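# Survey of secondary and tertiary structure
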Amino acid sequence: MVRKLTGVLATLLVTSFVIFGASYAAPGDPVTFLAGGKENLTPEYLAAVRAQYHLDDPFLVQFGRWLGDAVTGDLGRSTQYNDQVGDLLAARLPSTLGLVAYAAVLFVVFGIALGVLAAVRGGRTDAAVVAGTTFATSVPPFVVATVLISLFGVRLGWFPVMGGGSLWHLTLPAVTLALGALAIISRVTRQAMVEQRELDHVTVARASGLSERLIVVRHVFRGALGPIVTMCGLVTAGMLAGTVTVETAFGLSGIGSLLVNAINTHDFPVTQAVLLLMVTAYIVVTTLVELVQPLIDPRARRRT
Amino acid sequence: MTAVATLSPRPVRPLGYLLAAAFLALVVVGAVCAPLVTPFEPDAVDFGASLAPVSPEHLLGADQSGRDLLTRILYGARTSLVGPLLLLAIASALGVALGTLAAWHRGWVDAVVSRVTDVMYAFPGLLFVVLILAVFGNGMTTAVIALGLAYAPTIAKYTRSVALAECGKPYIDAYRVQGMGGLAICVRHLVPNMGRSIVGYLVVLFGEGLMSLATLSFLGFGAQPPSSDWGLMVKEGQPAIVQGAFLPVLVPGAAIALVVVSFNVIGVRLADRMGVRGI
């Protein structure tokens with residue numbers, strides 16, 4: 001437990017170091033890079049940037065200060081908007097989290113349902129689910145987004161095409177974000193259920209005359225729950241990165257589209273902050289999933 | 001982007017495999033002979049044909065600037081297919097070398113390789129690539145190199161697992177007893193013997209690489225106008241959707257989807273045949 005946590009902290013430290021150190025890998029002087037590569041920079045402005053990033057200190061001291069500031073919520077100032085980066089993130093985070101939550105509900109409900117259906121029914125249903133999910137993972141999200149906008153947004157007019165805010169606006173983006181995840185979850189569910197069904201305790205349950213329904217719910221699904229929950233957690237953690245494409249495709253204003261804009265306008269403080277946030281969230285959620293595992297699956301408790 | 005193509009319950013029927021292979025062959029031939037196939041230039045602007053629907057003249061319609069979509073798709077296939085090829089070349093050169101090294105030396109080399117891999121895996125999705133692009137600037141070359149670096153750990157991991165199994169075979173010991181050096185055994189015997197399974201794995205990765213590269217172009221980080229890279233075509237076609245013209249996004253979108261599906265169908269079949277497990 002303690003070992004795992006120190007490992008996670010070490011990974012966080014190294015990744016933040018990579019994100020911080022990246023500005024030094026850029027060609028040219030880090031000052032001009034951090035200032036956003038603009039033309040005609042006054043010496044006063046460059047001095048201000050130098051002071052803000054403590055560029056005159058030794059490298060490791062700079063990193064320590066930057067990390068200390070980031071942990072206390074001071075992420076610097078955007079070179080593009082001239083706002084505090086923290087404020088920019090705070091303003092846009094709710095819509096991104098809403099989108100991820102909506103997508104998570106969709107893929108958990110439909111993904112597990114499809115997986116169970118494929119495992120229980122078998123035959124043609126199974127083949128259809130497998131073929132459908134294979135296809136779903138072969139279409140990149142931005143293509144799905146444009147197809148959904150064309151069909152349901154413009155042709156049929158059921159959903160608004162641009163803008164955000166309401167649940168209605170978020171439906172098409174959430175479906176896009178959920179599609180790939182749904183395919184993975186249904187496949188994992190199907191696989192886990194099929195493996196469980198062949199175990200002895202299920203045969204015993206069947207021999208003792210339990211109804212098929214009860215066997216599936218109480219024995220097969222219960223036993224398969226471990227890998228399913230783990231995968232749901234991992235996929236949700238990765239979704240924050242997926243919002244980069246989806247928000248850009250639907251013109252939503254969240255941290256994903258903030259990252260794309262920041263890169264295209266050479267706004268490095270914002271880029272660093274969004275990357276740091278996404279990577280931290282990803283590492284934290286994947287760790288939580290691992291810690292929760294023994295609570296769901298008593299068999300995992302014994303092993304550790 | 002998560003890993004694509006797991007094992008299907010039954011071997012894929014040859015019909016799907018043949019269709020996929022035929023489609024890919026068609027795309028490649030079309031891309032190579034593009035100037036012979038269409039009378040248009042990919043950048044030839046013709047505002048008279050703006051957003052033209054499907055017609056005998058424009059078989060797949062035209063975009064906002066009246067550029068023929070079929071022509072752009074065929075020329076775009078060049079960048080959209082060569083890009084993933086190059087990035088896989090970079091990734092497999094690095095990945096196979098590192099994976100073989102890790103499996104051969106074990107010990108600290110193995111530990112260092114797996115630590116570096118862990119750090120790269122800590123960045124979800126394409127974020128590692130995005131960081132590199134943020135630092136070195138947008139563009140197709142940077143995108144291909146960055147993706148090549150990002151894919152290297154995946155290939156290294158796979159190579160390592162294959163190489164570990166291969167190193168346990170008696171022929172390796174036989175060469176060693178004959179006094180052959182480690183490097184010579186690896187380069188002349190170990191790597192060539194792993195070739196089949198690595199190539200099978202690369203076919204599966206190709207589809208994913210194509211999707212990643214197209215996604216980067218869509219976000220504006222990869223190919224830049226006036227290139228007719230498929231991802232960029234979707235990006236540029238987006239404003240026309242609201243006007244009710246779907247062809248400029250649907251044609252390149254369908255091209256990406258069909259090519260990726262084809263590669264996955266072929267990849268799954270190769271994997272089945274050679275006993276390679278897609279991750």
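Within each chain, residue numbers correspond to sequence positions counted from 1 in written order. Each chain takes a letter, starting from A, and each ligand takes a number, starting from 1, following the order in which they are written. Where local features are concerned, this predicted model is filtered to residues with pLDDT of at least 70; where side-chain atom pairs are given and counted, the filter is 80 or more; whole-chain, interface and lining totals use all residues. Excluding hydrogens and water, the side-chain values take into account all heavy atoms of the structure.

## Focus: the overall build of chain B
When its secondary structure is counted, chain B shows 10 helices and zero strands. Shown N-terminal to C-terminal, the secondary structure of chain B runs as helices and strands in the order α-α-α-α-α-α-α-α-α-α. Burial analysis of chain B (279 residues in total) assigns 52% to the buried set. Only heavy atoms matter for contacts: two residues are in contact if any of them lie within 4.5 Å across the pair. Within chain B, residue pairs in contact and separated by at least 24 positions form 72% of the contacts whose partners lie at least 6 positions apart. Surface exposure of chain B reaches about 12,300 Å², of which carbon and sulfur atoms provide 68%. Both charge centroids of chain B, one from 17 positive and one from 14 negative side chains, sit 15 Å from each other. Where helices and strands are cited, they refer to DSSP runs of H or I of at least four residues and of E of at least two residues respectively, numbered from the N terminus. Buried means the residue's accessible area, taken with a 1.4 Å probe over protein chains only, is under 20% of the maximum for its type, while exposed means over 50%, and partly exposed covers the values in between. The Shrake-Rupley method, run with a 1.4 Å probe sphere, supplies the accessible areas, and residue values consider only the shown protein chains as cover. Only four residue types enter the tally: Lys and Arg on the positive side, Asp and Glu on the negative side; His and the chain ends are excluded. We put the charge of a Lys on NZ, of an Arg on CZ, of an Asp on CG and of a Glu on CD.

## Focus: the overall build of chain A
Each helix and strand counted, chain A has 13 helices and zero strands in total. N-terminal to C-terminal, the α/β element order of chain A is α-α-α-α-α-α-α-α-α-α-α-α-α. At a minimum sequence separation of 6, the contacts of chain A that also span at least 24 residues come to 70%. Per element, the accessible surface of chain A, about 14,700 Å² overall, is 66% carbon and sulfur. Across chain A, the 21 positively charged side chains and the 18 negatively charged ones have centroids separated by 17 Å.

## Some words on the interface of chain A and chain B
As a measure of interface size, the accessible area lost when the parts come together is often cited. On the chain B side, the residues contacting the 46 residues of chain A number 42 residues. Regarding the contact of chain A and chain B, the summed buried area is about 3,700 Å², with carbon and sulfur atoms giving 80% of it. When the area that chain A buries against chain B is broken down by residue, the three leading residues are Ser-138, Phe-142 and Ile-263 of chain A, summing to 15%. Salt bridge criterion: a side-chain nitrogen from Lys or Arg within 4 Å of a carboxyl oxygen from Asp or Glu. Remark: the boundary between chain A and chain B carries zero salt bridges. Pairs of N or O atoms within 3.5 Å make up the polar contacts considered here, provided that, within protein, one atom can donate a hydrogen while the other can accept it, and that residues adjacent in sequence are counted only when both atoms are side-chain atoms. Applying the counting rule to chain A against chain B returns three residue pairs in polar contact (both at pLDDT 80 or more). By convention, the term buried area covers the 1.4 Å-probe accessible surface removed from two parts as they join, with the contributions of both added.

## A few points about the pattern of salt bridges
All names here are of chain B. Evaluation of the coordinates by the stated rule reveals 10 salt bridges over all chains. One salt bridge connects Asp-63 with Arg-67, and the closest N-O pair in it is separated by 3.1 Å. Two residues, Asp-118 and Arg-115, come together in a salt bridge whose shortest N-O distance is 3.3 Å. Here Asp-118 and its partner Arg-115 are both found in helix α4 (residues 107-121), three residues apart, which amounts to about one turn of the helix.

## Description of the packing of helix α3 (residues 69-105) of chain B against helix α9 (residues 230-241) of chain B
Residues and elements named next belong to chain B. Axis geometry follows a simple rule: fit a line to the C-alpha atoms, using only the stretch in contact for helices, then measure angles between N-to-C directions, giving values from 0 to 180 degrees. Running from amino to carboxyl end, α3 crosses α9 at an angle of 135°, the nearest separation of the two axes being 8 Å. Relative to α9, α3 is oriented oblique. Residues Leu-69, Arg-72, Ile-73, Gly-76, Ala-77 and Ser-80 of α3 form the contact with α9, whose participating residues are Trp-230, Met-233 and Glu-236. In this classification, the charged set is Asp, Glu, Lys and Arg, the nonpolar set is Ala, Val, Leu, Ile, Met, Phe, Trp, Tyr, Cys and Pro, and all remaining amino acids, among them Gly, are polar. Across the contact of α3 with α9, the residue classes tally to five nonpolar, two polar and two charged. When an angle is under 35 degrees it counts as roughly parallel; over 145 it counts as roughly antiparallel; between 65 and 115 it counts as roughly perpendicular; any other value is oblique.

## So, the side chain of Asp-110 of chain B
All names here are of chain B. Tracing the backbone through its elements, the reader meets Asp-110 in helix α4. Judged by its relative accessible area of 12%, Asp-110 falls in the buried class. Apart from the residues lying within four places of it in its own chain, the contact partners of Asp-110 are Ala-102 and Arg-160.

## Description of the domain arrangement of chain A
All names here are of chain A. Boundaries between domains were set according to an automatic or database domain assignment. For chain A, the domain assignment lists domain 1 (2-74) and domain 2 (89-300). Measuring from the centre of the C-alpha atoms in domain 1 to the corresponding centre in domain 2 gives 34 Å. At the interface, 16 residues of domain 1 touch 12 residues of domain 2. Here domain 1 packs against domain 2, burying approximately 1,200 Å² in sum over the two surfaces, 76% of which is carbon and sulfur. A per-residue breakdown of the area domain 1 buries against domain 2 is headed by Lys-4, Leu-12 and Ile-19, which together make up 38% of the total.

## As for helix α1 (residues 2-25) of chain A
Helix span is expected to be 1.5 Å times the residue number reduced by one. With 24 residues, α1 of chain A extends 34 Å between its outermost C-alpha atoms, agreeing within 8% with the 34 Å of an ideal straight helix rising 1.5 Å per residue. Axes are fitted to the seven residues ending at a residue and to the seven starting at it; the angle between these axes is taken as the bend at that residue. In the structure, α1 of chain A departs most strongly from a straight axis at Ile-19 of chain A, where the bend amounts to approximately 25°. Regarding α1 of chain A, the residues found buried are Val-8, Thr-15, Ser-16, Ile-19, Phe-20, Gly-21, Ala-22 and Ser-23 of chain A. Here the buried face of α1 of chain A lies against α2 (30-34), α4 (59-71) and α12 (268-296) of chain A together with α4 and α5 (127-136) of chain B.

## Things to note about the packing of aromatic side chains
Stacked, tilted and edge-to-face pairs are distinguished by plane angle, under 30 degrees for stacked and over 60 for edge-to-face with tilted covering the rest, among Phe, Tyr and Trp rings (Trp via its six-membered ring) whose centres lie within 6.5 Å. Inspection of every chain in the model, using the stated rule, returns 10 aromatic pairs over all chains. Between the aromatic rings of Tyr-171 of chain B and Tyr-175 of chain B, the centroid separation amounts to 6.2 Å while the plane-to-plane angle is 90°, which identifies the pairing as edge-to-face. Note that Tyr-171 of chain B and Tyr-175 of chain B are positioned in helix α7 (residues 170-177) at a spacing of four residues, about one turn of the helix. Here the aromatic residues Phe-17, Phe-20, Phe-63 and Trp-66 of chain A are joined through ring pairs into a cluster of three or more.

## Some details on the environment of Val-8 of chain A
Residues and elements named next belong to chain A. Within the element layout of this structure, Val-8 appears in helix α1. Given a relative accessible area of 17%, Val-8 falls into the buried group. Note: C-alpha distance between Val-8 and Thr-286 (278 residues apart in sequence) is 9.9 Å. For Val-8, the contacting residues outside a window of four places in its chain are Ile-283 and Thr-287.

## Some details on unusual backbone geometry
Backbone geometry follows two general trends: most residues other than glycine have a negative phi, and most peptide bonds adopt the trans configuration. With an omega of 5°, the peptide bond running from Pro-225 of chain B to Pro-226 of chain B counts as cis. Position of Pro-226 of chain B among the secondary structure elements: in the loop between α8 (182-219) and α9. Of note, the phi angle at His-266 of chain A is positive, near 55°, even though the residue is not glycine. As for its position among the elements, His-266 of chain A is in the loop between α11 (255-264) and α12. Residue Arg-106 of chain B is not a glycine yet carries a positive backbone phi of 50°. Along the chain, Arg-106 of chain B falls in the loop between α3 and α4. For Arg-106 of chain B, a relative accessible area of 45% puts it in the partly exposed group.

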